[in-house]
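# Residue-level structural notes
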Amino acid sequence: PKSMTNPPQQKSNYWDPFFANGQEVSLLHLDPFEFLCPTPDGNQRRVRVIYSPHVFTREHISEQDHPAGKCFDARIFCPTRYADSHNLNPIVVNLPKARVFQTWEKRNYVFLAVETPRRDDQYHLFFEVKKINRKRNKHIELRVESAYRKLNSSYAPPNKPNAVRFPILIQNVFMGRPLIFAAR
């Protein structure tokens, strides 16, 4: 008789094995990937997406946070952020249809996704974009710095600036053009 075994779990090529509370946590869904973004100048710009550990960890803030649970820059694994991180790839791939805002730091951008059924908060997606200018491999790198649910964010500009369409942001970064966000 043949024995029933589970197939081996697929491993991430990007993340080292990660454990929380003694259980291995799969980060395969957060491996880097690429998508094409159509820009107003008629080009298809390649965007490589990389996730920071902040999308599945949170700040160490209370005495209840056990020091052994610290990981990635002394942060704590967050089951809620981890669960939400499974929605990141579809959100990021649809950014070419979205408008984004610049944060008050002016080096990052934020996309506020409101499609949160049965919840009255917003999913804040913070990212940075830069051009990678290799001889045969020019593309935009989009690094998702953090993603979490909250009603309001202290990083979102106090007086909402005008939004910019994501494809315009990508085009300007690729061309090395500054992007000015005028306050409303």
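Residues numbered from 1 in each chain as written. Predicted model: local features only at pLDDT ≥ 70, side-chain atom pairs only at ≥ 80, totals over all residues. Heavy atoms only, no water.

A tally of regular secondary structure across the chain gives three helices and 12 strands. For the chain, the proportion of its 184 residues judged to be buried stands at 44%. Of the contacts formed within the chain by residues at least 6 apart in sequence, a portion of 53% connects residues at least 24 apart. (Helix = DSSP H or I, 4+ residues; strand = E, 2+ residues; numbered from the N terminus. Buried < 20%, exposed > 50% of the residue type's maximum accessible area, 1.4 Å probe, protein only. Contact = heavy atoms within 4.5 Å.)

A full pass over the atoms with the stated rule returns six salt bridges. Among the ionic pairs, R149 bridges to D84, the shortest N-O distance being 2.8 Å. Of this pair, R149 sits in strand β11 (residues 137-150) while D84 sits in helix α1 (residues 79-85), and the two are 65 residues apart along the sequence. On the accessibility criterion, D84 (10% relative accessible area) is buried. (Salt bridge = Lys/Arg side-chain N within 4 Å of Asp/Glu carboxyl O.)

Moving on: the side chain of T57. Within the secondary structure, T57 sits in strand β5 (residues 57-58). Judged by its relative accessible area of 0%, T57 is buried. Reaching out from T57, the side chain makes a polar contact with the side chain of R75 at a distance of 2.8 Å. (Polar contact = N/O pair within 3.5 Å; in protein donor to acceptor, adjacent residues only side chain to side chain.)

Positive phi outside glycine occurs at N21, with the angle close to 50°. The residue N21 is located in the loop between β1 (18-20) and β2 (23-25) in this model. Given the relative accessible area of 80%, N21 is considered exposed.

In this section: the packing of aromatic side chains. Tallied over the full model, the rule gives eight aromatic pairs. The interplanar angle of 50° and the centroid separation of 5.6 Å between the aromatic rings of F77 and Y82 together place this pair among those described as tilted. By the burial criterion, F77 is buried, and Y82 matches it. The rings of Y14, W15, F18, F56, F77 and Y82 are connected pair by pair, giving a single aromatic cluster. (Phe/Tyr/Trp six-rings, centres within 6.5 Å; stacked < 30°, edge-to-face > 60°.)

It is worth spelling out the environment of C78 at this point. Examined against the element boundaries, C78 turns out to sit in the loop between β7 (75-77) and α1. C78 gets classed as buried once you look at its relative accessible area, which sits at 10%. For the pair formed by C78 and E59, sequence separation is 19 residues and the distance between their alpha carbons is 9.1 Å. In this structure C78 touches F56, T57 and R58, once residues within four positions along its chain are discounted.

All right, on to the side chain of N172 then. Counting through the fold element by element, N172 comes out in helix α3 (residues 166-175). Not counting the four nearest positions on each side in its chain, N172 is found in contact with R177, P178 and L179.

Take α3 next. When you tally the buried positions in α3, you get eight out of 10 residues, the bulk of the element. For α3, the full list of buried residues reads F166, P167, L169, I170, Q171, N172, V173 and F174. A positive phi of about 75° marks G176, the residue just after α3.

So, about the confidence of the model for the chain. Summing up the model confidence of the chain, the mean pLDDT is 79 and the portion of residues at 70 or higher is 69%. Of all helices and strands in the chain, the one with the weakest mean pLDDT is strand β6 (residues 70-71) (59), whereas strand β3 (residues 33-38) scores best (97). (pLDDT = per-residue confidence, 0-100.)

Further remarks concern the environment of K11. With respect to the element layout, K11 can be found in the segment before β1. Residue K11 is classed as partly exposed on the basis of its relative accessible area, which comes to 48%. C-alpha separation for the pair K11 and L27, spaced 16 residues apart in sequence, amounts to 8.3 Å. The contact partners of K11, leaving out residues within four places of it in the chain, are E24 and L28. Here the side chain of K11 touches E24 through a polar contact of 3.3 Å, side chain to side chain.

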